[in-house]
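Coordinate analysis (summary)
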Amino acid sequence: MENVFTSLKVRILTINTANCTKGKWDHRNQQSPFCRLYQTLSGDGTARHNGKTYRLVPGKLFLIPSHTIFDVYTHSQLQQFYVHFKAEFLNGLDIFHFFGCNYEISLTDKPLLKSLSGHLRQIYLSSSPAHIIEIEGIMRIIAAGFLRSEQFQAGNDRLDGIMRFQQVLAYMDRNLEKPLTLEELADIEHLQPTYFSNLFSRHMGSPPMQYLNRKRIEKACEMLVTTNIPLCDIAGEIGYNDVYYFGRMFKKYIGISPGVYRKRQNRLIS
């Protein structure tokens, strides 16, 4: 287990404050390729995801995990500090999806997190190497605060399967742009393709080629949000030589076209 967590990488994409107003900060049925951390500094807002509604009020930290469908809005005004980040281990597995997590933390009950989040707001604009390292360290501690310890055993059981196919998962991650086949992946494990596919499905929850397509679409989501690369080039970088086929696959997994996804994400800055 210790070796697993040493592989955890916390990558910060955006960190800032925002003044949000009624009407302008009203985003429904959204989905982001990264995690969103909110700390309301003043005012009042609302977040909905995973079947629950949360009031974005001062004194709490709020988490929306990556690839989660959510609504966020305010009926008045709010000022918030926010961080867009990824927390992944073992070749791109999201730690919150894997182990389960809480979605809000009361800072009254967590004096350490209250102190660290306050320090984070003080240093986030700094470009000094010491502060950059501090920021990553603080985000690792905050991420740990959201994890559900009661689900660690279930996560441990799943880890057996992850470790069983670590070589295959790493190979997929390194070669998303290549036309990988089931036979090629099965050869890595020295298994017959059908047996490999059934074994992979049992441990990973989906067949290998379906898992591969999901990873490709997740990579596309991140590129759509963080770059201005044309759709045809994004398609090629994740292994789809036909941009129309890429569009169909994207809509199958995300529910909307890549172009619409990019436009929605560009409107949802904070």
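Described below are features of the structure shown in this document. (Residues numbered from 1 in each chain as written. Predicted model: local features only at pLDDT ≥ 70, side-chain atom pairs only at ≥ 80, totals over all residues. Heavy atoms only, no water.)

**Some thoughts on helix α12 (residues 258-267)**
Note the following rule: Partly exposed residues are those whose accessible area sits between 20% and 50% of the maximum for their type, while under 20% is buried and over 50% is exposed, using a 1.4 Å probe and protein chains only. Only runs of H or I of at least four residues qualify as helices and only runs of E of at least two qualify as strands under DSSP, and these elements are numbered from the N terminus. The arc in question is the one traced by the directions running from the helix axis out to the C-beta atoms. In this description, contact between two residues means that some pair of their heavy atoms is separated by no more than 4.5 Å.
Along α12, the positions that sit buried rather than exposed are Pro 258, Tyr 261, Arg 262 and Gln 265. Summarising the axial view, the buried residues of α12 lie within an arc of 100 degrees, below the 170-degree limit, and thus occupy one face. Set apart from the buried face of α12 by more than 90 degrees, the exposed residues are Lys 263 and Arg 267. Looking at the buried positions of α12, the neighbouring elements they touch are β2 (26-30), β3 (35-43), α9 (208-226), α10 (231-237) and α11 (243-254).

**Considering the packing of aromatic side chains**
Applicable threshold: Pairing of aromatic side chains requires ring centres within 6.5 Å, counting the rings of Phe and Tyr and the six-membered ring of Trp. Pairs whose planes differ by under 30 degrees are stacked, by over 60 edge-to-face, and all others tilted. Each ring is checked for a lysine NZ or an arginine CZ that lies within 6 Å of its centre and within 35 degrees of its normal; such an atom marks a charge sitting over the ring.
What the rule picks out here adds up to 15 aromatic pairs. Between Phe 89 and Phe 99 the ring centres are 5.8 Å apart and the planes differ by 25 degrees, which places this aromatic pair in the stacked class. Taken as a pair, Phe 89 in strand β8 (residues 77-89) and Phe 99 in helix α2 (residues 95-99) lie far apart in primary sequence, 10 residues in all. Exposure remark for Phe 99: the relative accessible area of 0% places this residue in the buried category. An aromatic cluster of three or more residues is present, and its members are Tyr 240, Tyr 245, Phe 246, Phe 250 and Tyr 261. Against the face of Tyr 73 rests Arg 28, its NZ or CZ located 4.0 Å from the ring centre. Cation over ring: Arg 164 sits above Phe 165, and NZ or CZ is 5.0 Å from the ring centre.

These figures come from the coordinates and say nothing about function on their own.
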